[in-house]
Amino acid sequence: MFRADLHCHSTCSDGSLSPKELVALAVEQGLQGLAITDHDTVAAYPAVLEEAREKGVEMISGVEFSCEHREHNVHLLAYAFDIHHEELQSFCEAHKKRREQRYQGMLRKLREGGVDLQEEVVEAHSLGRPHLAKLLVDQGRVKDVKEAFQRYLGDGKLGYVPSSSFGVQETIDLIHRAGGLAVLAHPMLIRRNGVLRDLLEMNFDGIEGYYAKFPRNQEERWVLAGTRRGWMVTGGSDFHGAPKPHIPLGASWVGEELFAQLRERFRENNLK
Ligand code: AMP
Ligand code: ZN
Ligand code: FE
Ligand code: FE
C-alpha cells in the first residue's frame, strides 16, 4: 500500500537525522512518499531530491512556517511549491535572521542570569529553543530537555525571549505566489477557540487532519472541517528523531490519491 509521510524534521531545523538519513529511514519503514517540512527553511532541498530518486522514494517540496495570529503561535505547512522561488528563499532568510537574533538574545539572558554557555557551532539553518535545551543538557546545567524548559526556556523563564514572527495571511499569500499549497498544521494543538475560528475562515488549501500525536478518534473532526471547506486533508508524523523518540517516521501518513494531487502540483512548479 502506498504511504507518504508529509511532516518530518531534519538537522536543517530541529530534527536529529540529516535529510539523507531521513530518506534512508523512509525506505526502511516502507514509505513510498515523503516531504521534509523543516521549520522555516528549505535547506534540505534540492539536494535530497537526488538522494530520494536513487533510493526510490517519491518526494515533493515541503516546509513548516512559524507564524503569528493574535499573538498566538501558528504553524503552516507548505507543499509542492517551486523550490527555487526567489521570494520564498528570501522569506526563509528573514526567518533565519529572526531566529538567530532570538537565539542570541536567549543566550545573553541566560549569561546575565549566571548561566554562561559555551556556544557550539550548530549546523541547523533554523535555530530554536530545542538547540538551546541541548546545550544546557550537554554542558551539564540540567539533566534533560524537560528540565531545560522547566527551569530556563519555558515561557517567562530566565532565558526566555518571546518570538515574533510573520502573520498567517502574509505567509499563505507567499506560499501561493511560490505555486504552493498552504496547509494548516496540527489544528488540534491550537488551544484558543477564537484563533482557530479565524484560521478556519482563511484561504487555506488543506488541513493536517492526521497527526501522529493524536488518537484516531480525534481525527474525524478535522477531516470533516477540511472536507466541508473543500480542502485537502493531509497527514504526517511530525517525526523529529531523538528529540521525540516516541514518534516514529510514518506514524501518520496519506495515501496515493492525496499524494497524486501534490505530485502533480510539484511537477508543474519544478519541472518547467
Ligand atoms: P521555538 O520555536 O524556538 O520557540 O521552540 C519551540 C519548540 O520547543 C517546540 O516545537 C517544541 O519542540 C520545543 N518545546 C517547547 N516546550 C517544550 C517543553 N516544555 N519540553 C520540551 N520541548 C519543548
Ligand atoms: Zn520541530
Ligand atoms: Fe509544528
Ligand atoms: Fe513539525
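The text that follows walks through the structure, step by step, so that each part is easy to find. (Residues numbered from 1 in each chain as written. Chains lettered and ligands numbered in written order. Predicted model: local features only at pLDDT ≥ 70, side-chain atom pairs only at ≥ 80, totals over all residues. Heavy atoms only, no water.)

Next up on the list: the coordination of the iron ion (ligand 3). Angles between donor atoms at a metal ideally measure 109.5 degrees for a four-coordinate tetrahedral arrangement and either 90 or 180 degrees for a six-coordinate octahedral one. Surrounding the iron ion (ligand 3) are the protein donor atoms E64 (OE), H75 (ND1) and H186 (NE2), which sit 2.1 to 2.2 Å from the metal. In primary-sequence terms, the residues that donate to the iron ion (ligand 3) follow E-x10-H-x110-H. A gap of 3.5 Å separates the iron ion (ligand 3) and the iron ion (ligand 4), which E64 links by coordinating each metal. You can see H75 sitting in strand β5 (residues 72–79) and its partner H186 sitting in the loop between β7 (181–184) and α7 (193–200), a full 111 residues away along the chain. (Donors = N, O, S within 2.8 Å, 3.2 Å for Na, K, Ca; no water. Helix = DSSP H or I, 4+ residues; strand = E, 2+ residues; numbered from the N terminus.)

The next point concerns the sheet that holds strand β8 (residues 206–211). Strands sit in the order β6-β4-β5-β7-β8-β9 across an open sheet of six strands; the sheet is mixed. Edge positions in the sheet fall to β6 (166–167) and β9 (232–236), since each has one partner strand and no second. Looking at chain direction, strand β4 (residues 62–69) and β5 are connected through eight bridges and run antiparallel. Bridge pairing in β5 places C67 opposite V74. Across the sheet, helix α9 (residues 256–270) is in contact with β5, β7 and β9; its angle to β9 comes to roughly 100°. (Pairing = 2+ DSSP bridges. Contact = heavy atoms within 4.5 Å. Axes fitted to C-alpha atoms, helices over the stretch in contact; angles between N-to-C directions.)

Next up on the list: α9. Along its 15 residues, α9 runs 20 Å from first to last C-alpha, staying within 8% of the 21 Å computed at 1.5 Å per residue. The complete set of buried residues in α9 reads L258, F259, L262, R263, F266 and N269. The buried residues of α9 all sit within an arc of 135° when viewed along its axis, so they share a single face. Opposite the packed face of α9, turned more than 90 degrees from it, sit the exposed residues E257 and E264. (Expected span 1.5 Å × (residues − 1). Buried < 20%, exposed > 50% of the residue type's maximum accessible area, 1.4 Å probe, protein only. Arc of directions from axis to C-beta.)

The protein atoms donating to the iron ion (ligand 4) are H7 (NE2), H9 (NE2), E64 (OE) and D238 (OD), with metal-donor distances spanning 2.1 to 2.2 Å. Metal-centred angles of 79 to 166° between the four donor atoms at the iron ion (ligand 4) mark the site as irregular. Metal-to-metal, the separation of the iron ion (ligand 4) and the zinc ion (ligand 2) is 4.6 Å. With a gap of 57 residues between them, H7 in the loop between β1 (4–5) and α1 (19–28) and E64 in strand β4 connect regions that are remote in the sequence. Looking at H7, the relative accessible area reads 0%, which means it is buried. Given the relative accessible area of 1%, E64 is considered buried. (Tetrahedral: all angles 85-135°; square planar, octahedral: opposite > 155°, others 65-115°.)

In this section: the sheet that holds strand β3 (residues 58–59). The strand order across the open sheet formed by three strands is β1-β2-β3, and the pairing between neighbours is parallel. What marks the edges here is a single partner per strand, and that holds for β1 and β3. Taken together, the two bridges between strand β2 (residues 33–34) and β3 define a ladder with parallel strand orientation. Across the sheet, the residue bridging to L34 is M59, located in β3.

Near ligand 1, the surroundings consist of R102, G128, R129, P130, V145 and F149. Within the side chain of R102, a nitrogen or oxygen atom sits 3.0 Å from an oxygen atom of ligand 1. Between ligand 1 and R129, the relevant distance is 2.8 Å, taken from an oxygen atom to a main-chain nitrogen or oxygen of the residue. About the coverage of ligand 1: the protein hides 61% of its 500 Å² of free accessible area. For the shell around ligand 1, the secondary-structure elements that each account for two or more residues are α4 (129–138) and α5 (145–153). (Near = heavy atom within 4 Å. Polar contact = N/O pair within 3.5 Å; in protein donor to acceptor, adjacent residues only side chain to side chain. Areas by Shrake-Rupley, 256 points an atom, 1.4 Å probe, with all protein chains shown as cover.)

What describes a pair of aromatic rings is the distance from one ring centre to the other and the angle between the planes of the rings. Under the definition given, this model contains five aromatic pairs. Arranged with centres 4.7 Å apart and planes meeting at 45°, the rings of F91 and F166 form a pair that is tilted. Here the residue F91 occupies a position in helix α3 (residues 86–112), and F166 occupies one in strand β6, the gap between them amounting to 75 residues. Note on F91: relative accessible area 11%, which makes it buried. When its relative accessible area of 23% is taken as the criterion, F166 is described as partly exposed. These aromatic residues form a ring-pair network of at least three members: F65, F91 and F166. One residue, R229, lies across the ring of W231, its end atom 5.6 Å from the ring centre. (Phe/Tyr/Trp six-rings, centres within 6.5 Å; stacked < 30°, edge-to-face > 60°. Lys NZ or Arg CZ within 6 Å of the ring centre and 35° of its normal.)

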